[in-house]
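Commentary on secondary and tertiary structure
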Number of protein chains: 2
Amino acid sequence: MTRFKLIVPDSYLGMIIIDEARIFEIIKEKSPVSVSLNGPDGILPRVQETAVRISEEFGIPAYVLADTTWGTCDLNTNGSKVLGADIQFNIGHTINTESPENGVVLIDAFDDVEFDAVAAKCVKMLEKATVSLVTDSQHLRQVDRVREILEGGGLVVKIGSGKGQLNDGQVFGCEFYPATALKEEVDAYVFLGQSNFHAAGVALATNRPTYVLDPYFNEVREITEFAQKLKKKATLAVCKAAEAKSFGVIVGLKEGQLSKVFALRIKKELEDAGKKVQLFALTDITNERLQNLRGIEAFVQVACPRISTDNRFDVPVLSTPQAKALLKMMRGESIEGYLEIPHWL
Amino acid sequence: MTRFKLIVPDSYLGMIIIDEARIFEIIKEKSPVSVSLNGPDGILPRVQETAVRISEEFGIPAYVLADTTWGTCDLNTNGSKVLGADIQFNIGHTINTESPENGVVLIDAFDDVEFDAVAAKCVKMLEKATVSLVTDSQHLRQVDRVREILEGGGLVVKIGSGKGQLNDGQVFGCEFYPATALKEEVDAYVFLGQSNFHAAGVALATNRPTYVLDPYFNEVREITEFAQKLKKKATLAVCKAAEAKSFGVIVGLKEGQLSKVFALRIKKELEDAGKKVQLFALTDITNERLQNLRGIEAFVQVACPRISTDNRFDVPVLSTPQAKALLKMMRGESIEGYLEIPHWL
């Protein structure tokens, strides 16, 4: 699976700063017998270094849990439990709340790269526009500095308020409250960082021009057209699924992706519409795993919406908002704006 | 991961018979609110059919748990727990004991294909040899019939006794007691079925000529040379690892593959020999996941030995027997016969 994979130039890793002081403090306080650490694929080498320092300092096993952890929906606390680690440090998924569960501690990881040069480019490119700044957890600390530069250059800058797990200006791949809230007030969105993935989500959820301020490539790139292609692909999948007679409804097994109730509801609605439905469960929903199954013309997966929008599958695999659009389509209703919602669930 | 993937001709599936009567009986008796079913990739289409029949008969959700289940070491009971299914039916991993855990029931799946024609070919090919019949769980019922044909043709046939989870004549990918027990008494091993994977394990664990009796291709093929290539590759990995200065020791997170104690022991032994060692944990150990990690010249994984022998990795990834051989090699001892053991742990 490559969907969430960042382009990580070698220089990037040097800029990642993990809040090790907090980790060390917690270990000193709790004296665990062993700990586990995990983080997004792109920063795993930094996580390894932190694990080595923990072992050297405290003489305890520090396991790097090297499975994927796509977000706070996918912390892999089960992996840590299996290891019997007393504390799990999940690194790089900053949210605005405390630890989600006993034994797991969310640790900040910031990317210390400077945006000054690329922000200056943005000033020239978007002159005098009203923009909203958004970013992922790694670049939250740079928002104020970029705001200063853009405002200094004559742009009007607005930062949407945090909601749920999100801080002000922060977006997830599936949740966009600080962006969608300002939709009527801005000309465009400006995403700080390298993630086309997050920026495309903003573009889709707001249907507004969206730009990526990439400090590594030192370029401002518009992501709007790329997002439109994702939307077209998603809508084609909905249309194709409307013709299917046999469906598979897939429940995701990752801890924060379990939506069994919605899965059973969509099963019933599809059956009421005369479709045959089988139930499946998967940890990682990939085309390769689905190829083992037979006789299914379209799938609905209620795990992570981005699995559907950002991957290729042999048959339609609809996310929750796509499945809701499908039900509307089958009732002859308009599906206009089905992705323009703050949370893709 | 393709290592355990069988070649599954379309005709194969038609021959797979799941013990549905037992499943239905248990559901009638226990009246679960929902159930889950899983099985090896190759028989998932049959498992789907059983799930559909359960839903029709009892009107309850029957989830097909479509993650891998490589064996009784990898039942994915956690997946079933996450779903909240009252009973999990794991299909196709026949062993000689009762359910491994409360809530999980092992259900037989037999491949009803006929071996008569291919057994007659074997009689001609191995004339008058003394052979041992071995097979995987799917073909246990055909052992007696093939024995009859081979003995009728003048061969001497021996069936090794079951041990641990294994029935008489049965082998796993990592456990070979019924084969190794007869090593000094037979000229060759004859494996019933299509699995080069299992047959190669027998060849490696016994160092004897090994043949596959493939009823689908209607051919007798010798697997000895293929097994020797796997062995050469495994030994080269050990030699290459001997030169490594930095090691990663990987604990497998699958329920029957957790060997944390051995992982910590091998870590200590490598450190005593002057190596740097980092600890990792992974559910699926693949080259792709390991590529996220930096600065490791060789890995030791204590999850499933076949991961190391049957896959390609950028750096050496040693299994438990290979790691033991490495430690011997580093002490200047002979590693002769390091795979010729009944259980690769």
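Scroll up for the structure.
Before going into details, it helps to say that this report is about the structure given with it. Only a predicted model underlies this, so the values are computations on that prediction, with no experimental measurement involved. (Residues numbered from 1 in each chain as written. Chains lettered and ligands numbered in written order. Predicted model: local features only at pLDDT ≥ 70, side-chain atom pairs only at ≥ 80, totals over all residues. Heavy atoms only, no water.)

**Here we look at the overall build of chain A**
Stated formally: In this description a helix means any DSSP run of H or I spanning at least four residues, a strand means any run of E spanning at least two, and both kinds are numbered starting from the N terminus. Radius of gyration here is computed from C-alpha atoms only, and the compact-globule reference equals 2.2 Å multiplied by the residue count raised to the power 0.38. When accessible area is computed with a 1.4 Å probe and restricted to protein chains, residues below 20% of their type maximum are described as buried, those above 50% as exposed, and intermediate ones as partly exposed. In these tables, accessible area is a Shrake-Rupley quantity obtained with a 1.4 Å probe, and a residue counts as shielded only by the protein chains included in the view. Counted charges follow a simple rule, with Lys and Arg positive, Asp and Glu negative, and His plus the chain ends left uncounted. To locate a charge, the coordinates of NZ of Lys, CZ of Arg, CG of Asp or CD of Glu are taken.
The helix and strand tally for chain A stands at 13 helices and 15 strands. By the compact-globule yardstick of 20 Å for 345 residues, chain A fits well, its C-alpha radius of gyration being 21 Å. Here the C-alpha coordinates of chain A stretch approximately 60 × 55 × 30 Å along the principal axes. The buried share of chain A, taken over its 345 residues, is 59%. When the accessible area of chain A is evaluated, it comes to approximately 14100 Å², of which 49% is carbon and sulfur surface. Of the charged side chains in chain A, 39 are positive and 46 negative, and the gap between their average positions amounts to 8 Å.

**Thoughts on the relation of the copies chain A and chain B**
Definition in use: Residues reaching a pLDDT of at least 70 in both copies supply the C-alpha atoms on which the copies are superposed by least squares. Note on contacts: a residue pair qualifies if any of its non-hydrogen atoms lie within 4.5 Å across the two residues.
Relative to chain B, chain A is turned by 180° and slid 0.0 Å along the rotation axis, the superposed coordinates differing by an RMSD of 0.0 Å. Taken together, the turn and the small shift mark the pair as related by a two-fold rotation axis. For chain A, the minimum C-alpha distance to the rotation axis belongs to Asn78 of chain A and amounts to 4.3 Å. When the interface residues of chain A are mapped onto chain B, 100% of them are again interface residues, pointing to one common binding face.

**Topic: the sheet that holds strand β8 (residues 156-158) of chain B**
Residue and element names in this part refer to chain B. Quick note on the threshold: One bridge is not enough; two strands pair if DSSP finds at least two bridges between them. The axes are straight lines fitted to the C-alpha atoms, using for helices just the contacting stretch, and the angles between their N-to-C directions are given from 0 to 180°.
Across the sheet, which stays open at both edges, the five strands sit in the order β8-β7-β9-β10-β11 with mixed pairing between neighbours. Taken across any chain shown, the strands that pair with only one partner, and hence form the sheet edges, are β8 and β11 (219-222). Along the sheet, successive strands turn relative to each other by an average axial angle of 30°, direction set aside. Bridge count between strand β7 (residues 130-135) and strand β9 (residues 188-192): five bridges; the pairing is parallel. Across the sheet, the residue bridging to Val134 is Phe191, located in β9.

**Examining the interface of chain A and chain B**
How big an interface is tends to be stated in terms of accessible area lost as the parts join. Where we set the bar: A quick way to say it: buried area is the sum, across both parts, of accessible area lost when two parts are put together, with a 1.4 Å probe. Salt bridges are defined by distance alone: a side-chain nitrogen of Lys or Arg within 4 Å of a carboxyl oxygen of Asp or Glu. Definition of a polar contact: a pair of N or O atoms within 3.5 Å, with one able to donate and the other able to accept a hydrogen when the atoms are protein atoms, and with sequence-neighbouring residues admitted only if both atoms are side-chain atoms. Amino acids are sorted into nonpolar (Ala, Val, Leu, Ile, Met, Phe, Trp, Tyr, Cys and Pro), charged (Asp, Glu, Lys and Arg) and polar (every other residue, Gly among them).
Contact residues are listed per partner, giving 41 residues for chain A and 41 residues for chain B. Summed over both partners, the interface of chain A with chain B buries about 3600 Å², with 50% contributed by carbon and sulfur atoms. In this structure, the salt-bridge partner of Arg289 of chain A is Asp41 of chain B, at a minimum N-O distance of 2.8 Å. Across the contact surface, chain A and chain B share 18 residue pairs in polar contact (both at pLDDT 80 or more). For the side of chain A that touches chain B, the secondary-structure elements that each account for two or more residues are α1 (10-13), α3 (44-58), β3 (62-65), α4 (77-83), α10 (260-272), β13 (276-282) and α11 (287-290) of chain A. When residues in the side of chain A that touches chain B are grouped by element, the largest group, five residues, is from β13 of chain A. Of the residues that constitute the side of chain A that touches chain B, the class distribution is 23 nonpolar, nine polar and nine charged. Alignment of β13 of chain A against strand β3 (residues 62-65) of chain B, held across three bridges, turns out to be parallel. Bridging across to β3 of chain B, Phe280 of chain A finds its partner in Val64 of chain B.

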